[in-house]
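What follows is each chain in one-letter form.
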Amino acid sequence: MAAAGVVVTGLPAGVGSSFAYASDSHRPDNAVIVWDRNAQTAIWDVARQQPQVQARSFAMVHGAVYDAVNAIAGSPYQPYLTAPAVKGNASTDAAVATAAFRVLNALFPAQQETLKTQYDESLAAIPDSPAKQRGISVGDQTAAAMIAARQNDGAFGSQTWPVGTQPGQWRPTPPTMANDGAWVGYLKPFLIPSGSMFRTSGPPALTSRQYTRDFNEVKTIGSVTSTVRTADQTQAAIWWHDRHLAEWEIKRQLATSQRLNTLQTSRMFAMVDLAEADATIACYNEKAAWTFWRPVTAIQLADTDGNPETVADPTWMPLLVTPPHPDFTSGHTCFTAASMSALRNFFGRDDISFSGYSADSGTTRYFRGFSQAIGEVINARIWGGIHTRTADIQGAKIGAQVTTYMVGHYFRPKR
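Attention in this report is confined to the structure presented alongside it. (Residues numbered from 1 in each chain as written. Predicted model: local features only at pLDDT ≥ 70, side-chain atom pairs only at ≥ 80, totals over all residues. Heavy atoms only, no water.)

### Details of the environment of proline 127
Piece 1. Of note, proline 127 is situated in the loop between helix H4 (112–124) and helix H5 (130–149).
Piece 2. By relative accessible area, which is 61% here, proline 127 ends up exposed. (Helix = DSSP H or I, 4+ residues; strand = E, 2+ residues; numbered from the N terminus. Buried < 20%, exposed > 50% of the residue type's maximum accessible area, 1.4 Å probe, protein only.)

### Points about the state of the cysteines
What makes a disulfide is a covalent bond joining the sulfur atoms belonging to two cysteines.
Piece 1. This structure, assessed with the given rule, holds zero disulfides.
Piece 2. The thiol sulfur of cysteine 283 is not disulfide-bonded, and the nearest other cysteine sulfur, from cysteine 334, lies at 3.7 Å.
Piece 3. When its relative accessible area of 0% is taken as the criterion, cysteine 283 is described as buried.
Piece 4. Among the residues examined, cysteine 334 registers a relative accessible area of 0% and is labelled buried. (Disulfide = S-S within 2.5 Å.)

### Some remarks on the packing of helix H1 (residues 31–46) against H4
If you want to describe how two helices pack, look at the angle between their axes and the distance between the axes.
Piece 1. Taken N-terminus to C-terminus, the directions of H1 and H4 make an angle of 170 degrees; their axes are 11 Å apart at the nearest point. Between H1 and H4, the angle is such that the two are roughly antiparallel. Mapping the contact onto sequence places Trp35, Asn38 and Ala42 in H1 and Leu115, Gln118, Tyr119 and Ser122 in H4.
Piece 2. Class assignment for the residues of the contact of H1 with H4 results in four nonpolar, three polar and no charged. (Axes fitted to C-alpha atoms, helices over the stretch in contact; angles between N-to-C directions. Parallel < 35°, antiparallel > 145°, perpendicular 65-115°, else oblique. Contact = heavy atoms within 4.5 Å. Nonpolar A, V, L, I, M, F, W, Y, C, P; charged D, E, K, R; others polar.)

### Considerations on the pattern of salt bridges
Piece 1. Summed over all chains, the structure comprises 14 salt bridges.
Piece 2. Across the pair arginine 252 and aspartate 36 runs a salt bridge whose closest N-O atoms are separated by 2.6 Å. Taken together, the residues arginine 252 in helix H8 (residues 246–257) and aspartate 36 in helix H1 connect sequence positions 216 residues apart.
Piece 3. What makes arginine 252 buried here is its relative accessible area of 11%. (Salt bridge = Lys/Arg side-chain N within 4 Å of Asp/Glu carboxyl O.)

### A word on the side chain of aspartate 278
Piece 1. Mapped onto the secondary structure, aspartate 278 falls in helix H9 (residues 262–290).
Piece 2. Nearest to the buried, unbridged aspartate 278 among oppositely charged side chains is arginine 150, at 6.2 Å.
Piece 3. In contact with aspartate 278, not counting residues within four places along its chain, are Pro189, Phe190, Leu191, Ile192 and Val402. (Lys, Arg positive; Asp, Glu negative; His and termini not counted.)

### Some words on unusual backbone geometry
Piece 1. Cis peptide bonds are those with omega within 30 degrees of zero, and the linkage from proline 174 to proline 175 qualifies with 0 degrees.
Piece 2. Inspection of the secondary structure assignment puts proline 175 in the loop between H5 and helix H6 (209–221).
Piece 3. Note that the residue after phenylalanine 328, namely threonine 329, is joined by a cis bond; omega there is 5 degrees.
Piece 4. Take threonine 329: it is sitting in the loop between helix H10 (295–300) and helix H11 (331–347).
Piece 5. Not every positive phi belongs to a glycine, and serine 75 is a case in point at roughly 55 degrees.
Piece 6. Mapped onto the elements of the fold, serine 75 is located in the loop between helix H2 (51–72) and helix H3 (92–107).
Piece 7. With a phi close to 60 degrees, phenylalanine 156 is a non-glycine residue in the positive phi region.
Piece 8. With respect to the secondary-structure elements, phenylalanine 156 resides in the loop between H5 and H6.

Printed below as a string of structure tokens:
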């Protein structure tokens, strides 16, 4: 890992280079960044949504924001849902604030007072004018389109993970013994035609060499008492497990360090957040298809798996608390591979440095580029003892496939 920052002096064709940097390129108060922070406050700081739920909320916010900014810019890119007609000048900042506020208010009606205060502050900073009113109107329209599109999308459904009793089948894990999030696999995707579009061939057979390798690796390095896991690996496992996702900071950091204007920022945030959401849906659809047991269950019950190369340890526990859903595939690697591959596509290069801080680990981790981050999260979930390597690798493949589909079908330049 490297701490040095790299500043891109130009973006590749089709990404944003055909548009001159706007006057707000260097401003710390880029409206898209401001409202991404406000979204984080609502989604995480107050509502405490878990990553698989956060993904839907952020995607709704930034899909609406992107459509508003793109419409005011003259629709140089494909709209996501809608491109309201704009007659005359319109305030982009008013549109961003309105689109984000309306979506967040619909998602979190209990936070209406705080959200309205943030919205009023944003509008107060914009001089009253017909352009301001036109911006508000555009934001209202794109938010309404997003809210309507996500009605009855399957969010917060009643599905639960089936609890198995046979070798290889998922069951609740200690210490929480929870069963949560199964509805995500049945959620209506934002981009891909179906959550099952990237179905894999499933986890390896319990008696296979691959399963044996996966089992022994996570048993050795992922244990809470592991003697082979390094201090840096322990920190990485905790850093990547932080529910206050560093990806939020990374996204905003890149928008600032790479001097993106409001249009470029809105497009980049939408690409990242919608890809993350659909990768999460596809991952949970995989989990529902295979309902494969977690390492803690596999290791404690290895005497039942029919594999003479796996040895049971009834007292084994992982470094991290195991999330309340099946192993295959890894949600975090699906999510991170989607976001990092979206960023790599947006910037047209892989070697942009960035960093992120985790309060859980008390550390900042530095990355030389997007592929390095994907590689580290694959390892980190094993170091934490909560996923097998196959689940991580297959998850990362799904995330990359979602991004590839998105790039071919959405957010493309129209000129």
